[in-house]
Amino acid sequence: MSLALDPAAQDLLFREARTANTFTDEPVTDEQVQAIYDLVKYGPTAFNQTPLRITLVRSPEARERLVKHMAEGNQPKTAAAPLVAILSADNEFHEELPALMPHFPQAKDLFFAERPVRERSALLNGALQAAYFIVGIRAAGLAAGPMTGLDFAGVQKEFLDADHTPLMVVNIGKPGEDASPFPRQPRLAYEDVITTV
């Protein structure tokens with residue numbers, strides 16, 4: 001059975017898309033980021049929660065502050081990317097649930113009154129939204145370089161607060177020369193992943 005999505009779009013989003021390590025100097029605009037978010041915000045999450053928060057690192061001073069918290073191998077590419085985003089999970093996302101679930105506003109207190117429960121849910125659903133964001137970057141004709149090689153506590157202290165947990169840092173831009181210098185790595189086959197019961 002074929003997919004409904006056009007093969008060229010399948011290639012753009014998945015088959016030909018690669019994690020980028022270098023970028024051109026073409027800027028990434030606020031309008032592009034807004035178009036990406038306005039597309040990916042429709043991805044499903046539990047209880048329609050929206051814990052993902054995106055901090056765009058644009059100023060040279062902020063970039064310098066971020067780079068020092070990146071793993072050594074990630075520092076040069078983070079310093080040079082046209083745009084860098086810190087993706088975090090808002091552990092107080094439940095405050096927005098009455099507006100996001102008007103048919104079930106009591107979900108806020110019924111399911112998410114306790115902080116540890118919120119933290120687990122924010123982590124899972126924030127990571128899910130981060131994955132949508134990466135696919136949205138690809139849909140915009142850009143490349144993403146998501147990284148978890150960083151000092152999470154340092155990034156939280158430098159840019160966030162106790163209610164926001166950093167998930168990853170994503171470099172964004174048009175892929176540069178040798179953006180993905182290694183061959184595509186293997187993936188597990190269907191029969192290695194799918195079980196029917």
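The structure we're discussing is the one just above.
Q: Mind laying out the nonpolar core, listing which residues take part and the relevant values?
A: Judged by nonpolar contacts, the single largest core of 23 residues is most densely connected at L87, F133, I137, V170 and I172. Within the residue set of this core, elements represented by two or more residues are α2 (30-40), β2 (83-90), α7 (115-139) and β4 (164-173). Counting residues per element, this core draws most heavily on α7, at 5 residues. Once you skip the residues sitting within four places of it in the chain, L87 turns out to touch L52, R53, I54, A130, F133, T165, P166, L167, M168 and V170.

Q: So what about the pattern of salt bridges? Which residues, and what values?
A: Applying the stated rule across the entire model yields 14 salt bridges. Here R115 makes a salt bridge to D163, at a shortest N to O gap of 2.8 Å. Here R115 is found in helix α7, whereas its partner D163 is found in the loop between α8 (152-159) and β4, with 48 residues between them in sequence. Looking at D163, the relative accessible area reads 29%, which means it is partly exposed. By sharing partners, the salt bridges in this structure join E92, R115, R118, E119 and D163 into a single network.

Q: Lay out helix α3 (residues 60-67) with the relevant residues and their values.
A: Along α3, the residues that are buried comprise A62, R63, L66 and V67. Relative to the axis of α3, the buried residues are bounded by an arc of 135° and lie together on one face. Facing away from the buried side of α3, by more than 90 degrees, are the exposed residues P60 and E64. Those residues of α3 hidden inside the fold are in contact with β1 (52-57), α4 (75-80), β2, α8 and β4.

Rules behind the numbers
Residues numbered from 1 in each chain as written. Predicted model: local features only at pLDDT ≥ 70, side-chain atom pairs only at ≥ 80, totals over all residues. Heavy atoms only, no water. Core = buried A, V, L, I, M, F, W, Y, C linked by side-chain atoms within 4.5 Å. Buried < 20%, exposed > 50% of the residue type's maximum accessible area, 1.4 Å probe, protein only. Helix = DSSP H or I, 4+ residues; strand = E, 2+ residues; numbered from the N terminus. Contact = heavy atoms within 4.5 Å. Salt bridge = Lys/Arg side-chain N within 4 Å of Asp/Glu carboxyl O. Arc of directions from axis to C-beta.

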